[in-house]
Amino acid sequence: MPSIRHLISIDDLSLAEMLALFERAREFAGEPKNWSHLCPGRISATLFYEASTRTRLSFESAMLRLGGGVITAADMRMSSASKGESLADTVRVVGGAYADILVLRHPSEGAARLAAEFSSVPVINAGDGSHEHPTQTLCDLYSLWIEHGRIEGLDVVLAGDLRYSRTIHSFAYALARFGANIICVPQSGFEMPEYMVRRLREEFAVEPVRANASRLGELASASDVVYLTPQKPHQLSLFTDARGFNVERVDAVYMTRPQTERHTAQDGQTKTDYLQLGKRAMSADSLRDAVVMHPLPRREEISSDLDADPRSIYFKQASRGVPIRMAILGSLLGELDALSGRPAARNPVFPVQVGDNPCLNPTCIAHTEDRHVTPKVELASAFPPRVACAYCSNEIPVGAVGCSTTGHFHAPSSRELRKIRPDHMVFFRDAAQAQALGFASAARPSSVSERS
Ligand code: NCD
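The rules behind each value
- Residues numbered from 1 in each chain as written.
- Predicted model: local features only at pLDDT ≥ 70, side-chain atom pairs only at ≥ 80, totals over all residues.
- Heavy atoms only, no water.
- Patch = residues over 30% accessible without salt bridge, like charges linked within 9 Å, V, L, I, M, F, W, Y side chains within 5 Å.
- Areas by Shrake-Rupley, 256 points an atom, 1.4 Å probe, with all protein chains shown as cover.
- Salt bridge = Lys/Arg side-chain N within 4 Å of Asp/Glu carboxyl O.
- Helix = DSSP H or I, 4+ residues; strand = E, 2+ residues; numbered from the N terminus.
- Buried < 20%, exposed > 50% of the residue type's maximum accessible area, 1.4 Å probe, protein only.
- Polar contact = N/O pair within 3.5 Å; in protein donor to acceptor, adjacent residues only side chain to side chain.
- Near = heavy atom within 4 Å.
- Nonpolar A, V, L, I, M, F, W, Y, C, P; charged D, E, K, R; others polar.
- 1 Å grid on protein atoms, 1.4 Å probe; cavity = no way out; pocket = protein on both sides within 12 Å on 5 of 7 lines; lining within 4 Å.
- Points joined across faces, edges and corners; volume = space filled by probe spheres on them.
- Contact = heavy atoms within 4.5 Å.
- Domains from an automatic or database assignment.
- Buried area = accessible area lost by both parts, 1.4 Å probe.

### Looking at a nonpolar patch on the surface
1) Next: There is a patch of nonpolar side chains on the surface, built from Ile 71, Val 93 and Tyr 98 and spanning about 270 Å² of accessible area.
2) Next: Considering the arrangement of structural elements, one finds Ile 71 in strand S2 (residues 69-73).
3) Next: For Ile 71, a relative accessible area of 35% puts it in the partly exposed group.

### Describing the side chain of Glu 301
1) Next: Along the chain, Glu 301 turns up in the loop between strand S12 (291-293) and helix H9 (314-319).
2) Next: A distance of 2.7 Å separates the side chain of Glu 301 from the side chain of His 294, its partner in a polar contact.

### Structural notes on the site of the ligand
1) Next: Taken together, Thr 55, Arg 105, His 133, Gln 136, Arg 166, Thr 167, Arg 257, Gln 259, Pro 295, Leu 296 and Pro 297 make up the full set of residues adjacent to the ligand.
2) Next: Split by residue class, the shell around the ligand holds three nonpolar, five polar and three charged.

### Focus on the layout of surface pockets
1) Next: In this structure, the largest pocket occupies an estimated 570 Å³ of space.
2) Next: Lining of the largest pocket is provided by 22 residues; of these, Ser 130, Arg 163, Tyr 164, Asn 361 and Asn 394 occupy positions nearest its centre.
3) Next: Here the lining of the largest pocket takes three residues from helix H7 (residues 194-204), the largest share from any one element.
4) Next: For the lining of the largest pocket, a count of residues per class yields six nonpolar, nine polar and seven charged.

### Overview of the environment of Val 322
1) Next: Tracing the sequence through the fold places Val 322 in helix H10 (residues 321-332).
2) Next: Its relative accessible area of 18% is what places Val 322 among the buried residues.
3) Next: Along the backbone, Val 322 and Pro 32 are 290 residues apart, and their C-alpha atoms lie at a distance of 8.9 Å.
4) Next: Residues in contact with Val 322, not counting those within four places in the same chain, are Ser 58, Ser 61, Ala 62 and Arg 65.

### As for the domain arrangement of the chain
1) Next: Here the chain is described as being made up of domain 1 (10-131 + 319-332), domain 2 (135-314) and domain 3 (349-441).
2) Next: Using C-alpha coordinates to define each centre, domain 1 is positioned 27 Å away from domain 2.
3) Next: Counting from both sides, the interface comprises 31 residues of domain 1 and, opposite them, 27 residues of domain 2.
4) Next: Interface area for domain 1 against domain 2, summed over the two sides, is near 2500 Å², with a carbon-plus-sulfur share of 60%.
5) Next: It is Ile 10, Phe 22 and Arg 320 in domain 1 that bury the most area against domain 2; as a group they hold 29% of the surface buried on that side.

### Comments concerning unusual backbone geometry
1) Next: Omega for the peptide link from Leu 296 to Pro 297 comes to 5°, which places this bond in the cis form.
2) Next: Mapped onto the fold, Pro 297 is located in the loop between S12 and H9.
3) Next: Within the chain, Leu 296 stands out as a residue other than glycine whose phi angle is a positive 65°.
4) Next: Tracing the sequence through the fold places Leu 296 in the loop between S12 and H9.
5) Next: A relative accessible area of 12% places Leu 296 in the buried class.

Take a look at the structure:
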């Protein structure tokens, strides 16, 4: 039996599959009312543990347009979650007899991955904390593809709260894979997380370079701009002077809202500090042909004086959520052939064999829902070992690496690690933890010479 396809991360789709989804979405958008023969008798369940307007309603509209039905728990505080029911149990009950596909939004990073472990039907991640929002990204990429006819080689500004916006995270990975250039214009203090920049560099060969963004005018005036490009360094050197890479013109500005509901006390910011995009900022020559995008809801980060500007496509972008979600639902339900390929490969994932849950992110599902979670790490790179929580993707510092068969542990820089099979590796915070858990240091002076 083929394994179930879920959509948890944008990494789950190959580029060819994304393009096939865009083609289907374009067909659906042309004649939205002609497709009720595709999914009759199928039911989707929307399980939303967090507020939503567009994502939930566009998913429900998409399912109805495909001829299917919808059951919805729009406010999980009204469900048995308020009686202490776990996400894992909810998913086990709703997926199957009640519904053929689950659309889940949850405030904890990694929630959709956990749900997929327990679900007998496809799970779609409709936003998990500040982690990922892959279907919004498909909507965003689809918009770029419609507006510009391509994604490769576009210069896309990502602006605002790059740290906590899940839409930015999924979008940045996808843009890098499509070969687009990313210009990061973060709200000060809300830069793209380090682990993301490292991953973009190591897995997608994206080079971060300092940028001279003076041509972007007001848009970039209060920000340290970073240019992330899949171009080869030798090509870059042609355009880079002492002030960094010259950003001359851009194709899209993707603005995001400060994700205040996820900010911590340390993020304490005053409202007046937030970036704002208005007519004046968009008058810079470099932005002449740039479309203005936003996943919505917006607050003050895009002023309403831009609404009538033909470059503003944020409402069109939101309406495209319906055809793209029709393509996603139809494909995951097996009624369309857009996902005929194999799921894109993931890094190896290992359960943590000993020790406590090593994830340092307190809002990860592996902490907030620990009843049903076996902590797992994902091996992002084996030498030197770089591991991330398999649920929330946050990096986990590794101070020592053990081998489950020999019972020895090594320093992360040790060449000996090359001899250990990745699935025999055991990761520790430090040597003390390794010892406390019964592993012996491999770096001790040779016991043979000591004994003889
Ligand atoms: C986004 C989200 O929920 O992450 N909204 C959406 O799904 N369109 C963006 C946001 O809330 O800022």
